[in-house]
Amino acid sequence: MMLKSVVHILKNSKPANKQQEIANVRAAIEKIYKDFIDGEGKLPQSFSERYNKVLPDGYIIQETPFEPYLKNISNTVDRLTNKSGISDWIYLNESADINTASAEICDWVKCHREMNDLLSKMCRVGDTLIMLPLTLTTYCERKIMIVTDDRSRFDNILEESLQNCKSAGISFCLILSDCELYDLVEQKAKKITYVTYPNYHDEIYADWSFE
């Protein structure tokens, strides 16, 4: 249904030239994604974006529970890259039932990944690949980590709910310190580690992940 509406918008835009066509596509992307985020793409009430930062212009910076520690690393290198495989850190609200919340977040992830595929298709205008608008923040591009403060809540998750989360690339954890978590699915502690390497221009880059 969403794809059909996109095609309808673009077919009726009648661009005067390629640049106008690209501008029309970007405008269509922004409108479609805003409507999506305000509708079916909205984060379920069982969760909150505790770790993300919203700038005055509405742009969302997706952060982690470990920003002060990562900041200390980034201060020592020219560029620090997230190689953890985790794209989104989401907090499980205290009043949420773990199994109801699991079903909700699986649906949310599915919707966002479908939207990401749609946006990827829209970014191809003929033989030209355009960039997404800078004000647009996409979710669920990689693994989703759900943070809970209470391990006993995870103990109540049903096997079916757990398997659905695993299939969707969703995991759960406890935050142990400023640089360490406990992965409740893998049942082990993981600490931030990083490796540095030189760039072509004598700059020092670093990649961080969990081990």
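This text follows the structure it describes.
Residues numbered from 1 in each chain as written. Predicted model: local features only at pLDDT ≥ 70, side-chain atom pairs only at ≥ 80, totals over all residues. Heavy atoms only, no water.

Caption draft 1: Focus on the side chain of S87. With respect to the helices and strands, S87 occurs in strand β5 (residues 86-92). Only 2.7 Å separates the side chain of S87 from the side chain of D88, close enough to count as a polar contact. From its side chain, S87 meets the backbone nitrogen of E141 in a polar contact 3.5 Å long. With residues near it in sequence (within four places) discarded, S87 still touches Q62, C140, E141, R142 and K143. (Helix = DSSP H or I, 4+ residues; strand = E, 2+ residues; numbered from the N terminus. Polar contact = N/O pair within 3.5 Å; in protein donor to acceptor, adjacent residues only side chain to side chain. Contact = heavy atoms within 4.5 Å.)

Caption draft 2: Just the pairing of β5, in detail. Counted residue by residue, β5 has seven buried out of seven residues, so it is predominantly covered. Here strand β1 (residues 47-48) runs beside β5; their pairing, made up of two bridges, is antiparallel. Directly across from S48, in β5, lies its bridge partner Y91. Taken together, the five bridges between β5 and strand β8 (residues 143-147) define a ladder with parallel strand orientation. Its bridge partner being in β8, I86 is matched across the sheet by K143. (Buried < 20%, exposed > 50% of the residue type's maximum accessible area, 1.4 Å probe, protein only. Pairing = 2+ DSSP bridges.)

Caption draft 3: Expanded view of the packing of helix α2 (residues 18-38) against helix α4 (residues 98-122). Relative orientation of the contacting elements α2 and α4 amounts to 175 degrees, with a least axis distance of 11 Å. Considering their axes alone, α2 and α4 lie roughly antiparallel with respect to each other. Only C111, H112, M115, L119 and M122 of α4 make contact with α2, whose side of the interface consists of V25, A28, I29, I32, Y33, F36 and I37. Of the residues belonging to the contact of α2 with α4, the class tally is eleven nonpolar, one polar and no charged. (Axes fitted to C-alpha atoms, helices over the stretch in contact; angles between N-to-C directions. Parallel < 35°, antiparallel > 145°, perpendicular 65-115°, else oblique. Nonpolar A, V, L, I, M, F, W, Y, C, P; charged D, E, K, R; others polar.)

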